[in-house]
Structures are given as C-alpha cells and as structure tokens.
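Here are the chains, one letter per residue:
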Amino acid sequence: MAKPKFPVPVQKNEYYEIDITGLGHEGEGVGKVEGFTVFVPRAVPGERVKAKITKLQKTYAFGRLIDTITTSPDRAEPPCPIYHRCGGCQMQHLSYEAQLRHKRQTVVDALTRIGKLEGVTVHETLGMDEPWSYRNKAQVPLGEIDGRLAVGFYAPRTHEIIEMQGCPIQHPYNDEIVHATKEILQELGIKHYDEQTHTGLVRHIIGRVGFHTGETMVVLVTNGRKLPHVDALVSKLRERIPHLVSIIQNVNTQQTNVIFGRETITLWGSDSITDTIGEIKFDISARSFFQVNPVQTEVLYGKTLEYAQLTGAETVIDAYCGIGTISLFLAQKAKAVYGVEVVPEAIEDAKKNAALNGLENAHFEVGGAEVVIPRWHSEGIKPDVIVVDPPRKGCEEELLQAIVEMKPERVVYVSCNPSTLARDLRYLEDNGFRTVEVQPVDMFPHTFHVECVTMLVRKDQSEM
Ligand code: SAH
C-alpha cells in the first residue's frame, strides 16, 4: 500500500472524541480528527462522541460509537428492538423530522457540489404522517438459530440471520404472513434451505399486500420442485391467514443471492393480487415489480403529474417505465403516452395493466431507453413532455442527447439517487434546459434512500 502523504492523525483501535458535523450517504455521522474524516455510524450531527477507530483507509476512517458526550435533540429512541443489528434501516436513531431535513440537505448538497446548480428551489421533503407499517412487500430468509427455525434479516454485509419477531416498517399483514408460515413449516417438519451446504428446501418467505384491497399473497421460494405435505401446508395457511388470496411456490435451485428462480407455480387461489394507485388498478403477480410504499407512491406520482402540466392534448414519453405505473397515471390526462423499459416481463405487465384500466392511449415497447427513444424521434414522434425515472446509475448520455434533440417543452426527472440526478441536470442545463424546482419525497422512511421529482423547462420557452 502506498504511504499516505501526511501522517494520519488516527490509529486503529484507538479512542477519539469527535464533533459530528454532518451525515454521510448512508446516514452515518461524519466528523474530523485534525482535519481527517471519520465516519461514525449512529452518531448524530451536533453531537460530540467518543468513537473507537475500526477501519482505517488512506483518506478516511470508520469509528464505532462508544459514547455520546453531548446528545443532539434530533436523537430518537429506535422503536425496533433489533435496529442496531439488522441491516434494513439506518436512520431510526434520528427523529423523523430530522430524517426529512437531512434528506433535503442531501439533495441540496448534490445539486451544488456535483451539478454546480445555483438558485434551484428545493422544497421541504414530503414525509409520511405515519411513517411506519408502510411496506407492502416482505422478503424474509429462513435460517436456524439453536436448532429452531428462524426468520429474520441479514446483518449488514453478512448472511448471518438476525431473528425478527416483527418489523415496524412492514404492513402488519406481512408480519402475520411471515410468522404464521414459519410456524406451519416447523409443524410440518419442512426444512429450511442452508446456503453453506446447498441443502434443505425453503429459502425465502415473501408476503405481499394490496394496501387498498386488503388482498395478500404468500410465496415460498424453494430449492427444488417437490414440496412435502403440500395439501396440509395449503389448508393450514388458509386457515391461519384469513386475507390470503394467493399461495405461490417459486423454484430456485441455483447457488445465488438472487431471490427468485424461473419457475412459478400457483399452489392455491389466484396467480396475483390487485392494488390501486390513485384511480389506476394494478395486477401484481409473485415476481412483478411494484413500488413498495404505496402511500408515498401516490404522492410521488401526484407531483410528477403536477410537474408535467398536462391538459389532455400532450404526447408524453415515459422512459424507464417499469410496469407502466407512471405512464398509466399520466395517460389519464394526456393524448398519448409512450413507455419504454428494458425488462420484457415488466412491459407485459404494463400492457396488461393498460388493458385492465381501459387506457388505449398508452403504448409500450421493450428496449433500452437510449436506443428506443432516438428511434421514436426518427419515426416522427414529437413529445411535449418527457418523464424519466432511471435506476440509481442515472440516464445514459445517449438518452439525454435524444431529449435535447427532441426539444420537449418540459422534462420531469424522477430520481432515486441525488448524485446522478445532479450530474444529468448539469448536462440538460448545458444543453438548453432550466431546472425549475425539485421536490424530495420520502419513499423509504428510516432508511437513507432519497427520492425526488424535478421539473425542467426549455430555456427558449421560459423567460429567456
Ligand atoms: N417508473 C417505474 C420504474 C422505475 S425503476 C415505476 O415508477 O415503477 C427503473 C426501471 O428502469 C427499472 O424497471 C429497470 O428495469 C429499467 N431500466 C434500467 N435500465 C434501462 C434502460 N437502459 N432502458 C430502459 N429501462 C431501463
């Protein structure tokens, strides 16, 4: 390892007192020792803490929080008993109001540092009135603790199961599904899968809930097709989980971290559950992607629709459309919507959902947005509004180039990563668009994830 240019002022396993001045990307406290950056998970800005250095790199270190010397009023008691061991949430030790403030600040920092954007309005984060029990999907691995079957989550960066009795961010139906299913598997002596030896049967229990319909589904992911005592299993599940409408088996025999395998079998009931977002109805099968926080999804898409400013006469493109959720939301108010998405199954769902809602003005195509949209341009499709909702890595430059060439009046950028958002806004600013405003929406309370919607207009359309 190359020697650092300056002597590093901290040493591994030593203790230091540190003033915490900010939060890092994953919600960890950040402070400095003689100018050297130290990340201290679970420490809160404004606090002076004692930390033990656990990991030392050339330009920064990680420390374990040993003691808080002064405590911030933003600190909160995490309601979850396994919060400090489970990898799922990172911010339960902050009051919800402080989480929302921090998420907005993350966006402001990215826009100024990465996007070099000045004077953009970033609104207060739209949070939830009741930021608990918000998830509609639970995917829980099984393991063994002291010879008993256990369900839980993996500890951060490991596959060690941390046993869970209930998860406060899950819909209560999901907790019920997971625990009842575990008990039944235990009663019937159906073995859990052991990833070390690649033996045993049940890998994951998945619960899904339609928030508006109350319909639920349980999926058992199994290492093999043969499921012993299947009739008893089905009748016990039906008896103990009253709202169940669908019992599914998915077969995954690969040695992999990917949860689902190729084959899906309906053991009882319907192949899917339904739920609604606003007025739009969705059919959700075991493997369908669906936003996990349906309450905030409505807020996010509401903002997207507001920023699109549709009158009914517009042609809209929805890039990275997934199962067409945003497309269908916009199709209610537009002349035509064109959605593009790279996963073929998602486009099949999008077409099914369009038909389910009688929205004939929504068209969907499989492919890379950066390939299909330039082709639409050459075929003469002229969008008034382009909506993009890319994955964390942001938009491909070819797509941004196509947007610039197509000259829509407005672009609405839905983003789950403020850094790539800021990078892409810079590109659009340099090529004829102006960023008007940004609305952060809290889709994942108590985690570090930040989602936001941004409105851009063409500079030659606005005051210039
Ligand atoms: N707008 C949807 C999904 C957004 S998630 C919703 O709100 O539900 C981002 C989506 O982009 C994923 O479905 C992913 O499969 C898709 N994707 C990733 N790379 C892509 C590309 N190059 N072109 C089109 N879609 C892509």
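None of these values were measured; they are calculated from a predicted model. (Residues numbered from 1 in each chain as written. Predicted model: local features only at pLDDT ≥ 70, side-chain atom pairs only at ≥ 80, totals over all residues. Heavy atoms only, no water.)

A.B. asks: Sorry if this is basic, but what is going on with the site of the ligand here?
C.D. replies: Within the structure, the ligand sits among 18 residues, and Tyr301, Thr325, Glu341, Ala369 and Asp389 are positioned closest to it. Between Tyr320 and the ligand, the recorded distance is 3.1 Å, taken from a backbone N or O atom to a nitrogen atom. Between an oxygen atom of the ligand and a side-chain N or O atom of Glu341, the distance comes to 2.7 Å. Contact with the protein chains removes 84% of the 580 Å² of surface that the ligand exposes when unbound. For the shell around the ligand, the secondary-structure elements that each account for two or more residues are helix H5 (325–331) and helix H7 (369–378). Class assignment of the residues belonging to the shell around the ligand gives a composition of nine nonpolar, five polar and four charged. (Near = heavy atom within 4 Å. Polar contact = N/O pair within 3.5 Å; in protein donor to acceptor, adjacent residues only side chain to side chain. Areas by Shrake-Rupley, 256 points an atom, 1.4 Å probe, with all protein chains shown as cover. Helix = DSSP H or I, 4+ residues; strand = E, 2+ residues; numbered from the N terminus. Nonpolar A, V, L, I, M, F, W, Y, C, P; charged D, E, K, R; others polar.)

A.B. asks: Quick question: what am I supposed to make of helix H6 (residues 344–356) here?
C.D. replies: Residues lying three or four places apart along an α-helix face the same way, a consequence of the helix completing one turn every 3.6 residues. Helix length check: H6, at 13 residues, gives a terminal C-alpha distance of 18 Å against a target of 18 Å (1.5 Å per residue), a fit within 8%. Looking only at H6, the buried set comprises Ala346, Ile347, Asp349, Ala350, Asn353 and Ala354. The buried residues of H6 all sit within an arc of 155 degrees when viewed along its axis, so they share a single face. Along H6, exposed side chains directed more than 90 degrees from the buried face belong to Glu345, Glu348 and Ala355. Remark: Gly358 follows H6 within two positions and exhibits a positive phi of approximately 60 degrees. (Expected span 1.5 Å × (residues − 1). Buried < 20%, exposed > 50% of the residue type's maximum accessible area, 1.4 Å probe, protein only. Arc of directions from axis to C-beta.)

A.B. asks: Got a minute to help me understand the UniProt feature "domain: TRAM" (unreviewed entry) in the protein chain in this structure?
C.D. replies: Taking the UniProt record as the reference, the feature "domain: TRAM" (unreviewed entry) is found at residues 9–67. Here residues 9–67 runs as 0% helix and 61% strand, with 21 Å between its end C-alpha atoms. (UniProt positions renumbered as here; feature names shortened; annotations may be inferred.)

A.B. asks: Which parts of the structure should I look at to understand the environment of Arg262?
C.D. replies: Counting through the fold element by element, Arg262 comes out in the loop between strand E12 (244–251) and strand E13 (263–269). Once the C-alpha coordinates of Arg262 and Asn250 are considered, the two residues, twelve residues apart in sequence, prove to be 7.5 Å apart. Aside from chain neighbours lying at most four places away, what touches Arg262 is Val251 and Arg287. (Contact = heavy atoms within 4.5 Å.)

A.B. asks: What is the right way to read the domain arrangement of the protein chain from this model?
C.D. replies: Frequently, the measure chosen for interface size is the accessible area removed from exposure when the parts meet. Per the domain assignment, the segments of the protein chain are domain 1 (15–70), domain 2 (102–129 + 293–462) and domain 3 (137–277). Each of domain 1 and domain 3 has a C-alpha centre, and these two points are 38 Å apart. (Domains from an automatic or database assignment.)

A.B. asks: Whenever I open this one, unusual backbone geometry confuses me. Can you help?
C.D. replies: A negative phi angle is the norm for most residues apart from glycine, just as the trans form is the norm for most peptide bonds. Unlike most non-glycine residues, Tyr320 shows phi in positive territory, near 65 degrees. By the secondary structure assignment, Tyr320 is in the loop between strand E16 (315–319) and H5. When its relative accessible area of 15% is taken as the criterion, Tyr320 is described as buried. Within the chain, Lys407 stands out as a residue other than glycine whose phi angle is a positive 50 degrees. Turning to its location among the elements, Lys407 is positioned in the loop between helix H8 (397–406) and strand E20 (410–415).

A.B. asks: Any chance you could explain the environment of Val245 here in plain terms?
C.D. replies: In this fold, Val245 is placed in strand E12. Through-space distance from the C-alpha of Val245 to that of Asn257 is 28 Å; in sequence the pair is twelve residues apart. Residues within four places of Val245 in sequence aside, it is in contact with Glu215, Thr216, Trp268, Gly269, Ser270, Ser272 and Ile273.

A.B. asks: Hey, could you run me through the UniProt feature "active site" (unreviewed entry) in the protein chain in this one?
C.D. replies: Here the UniProt-annotated "active site" (unreviewed entry) positions come out as Cys416. Counting through the fold element by element, Cys416 comes out in the loop between E20 and helix H9 (418–429). When neighbours within four sequence positions are excluded, Cys416 is seen to be in contact with Pro390, Pro391, Arg392, Val450 and Glu451.

A.B. asks: What's the story with the pattern of salt bridges in this structure? I'm lost.
C.D. replies: Any two side chains of opposite charge can pair if their charged atoms end up close together. All chains considered together, the criterion is met by 20 salt bridges. Residue Arg240 is joined to Glu187 by a salt bridge in which the shortest nitrogen-to-oxygen separation is 2.7 Å. On the criterion of sequence distance, the pair formed by Arg240 in helix H3 (residues 230–240) and Glu187 in helix H2 (residues 172–187) is long-range, its members being 53 residues apart. Look at Arg240 and you get partly exposed, because its relative accessible area is 32%. (Salt bridge = Lys/Arg side-chain N within 4 Å of Asp/Glu carboxyl O.)

A.B. asks: What is the right way to look at the packing of H8 against H9 in this model?
C.D. replies: Between two packed helices, what matters for the description is the angle formed by their axes and the separation of those axes. Where H8 contacts H9, the two axes come as close as 10 Å, and the packing angle between them is 35 degrees. In the crossing of H8 with H9, the sense of the turn from one axis to the other is right-handed. When H8 is examined against H9, the residues Glu397, Leu400, Gln401, Ile403 and Val404 are found in contact with a partner set consisting of Asp424, Tyr427 and Leu428. In terms of residue class, the contact of H8 with H9 is built from five nonpolar, one polar and two charged. (Axes fitted to C-alpha atoms, helices over the stretch in contact; angles between N-to-C directions. Left-handed = near helix turned anticlockwise from the far one by under 90°.)

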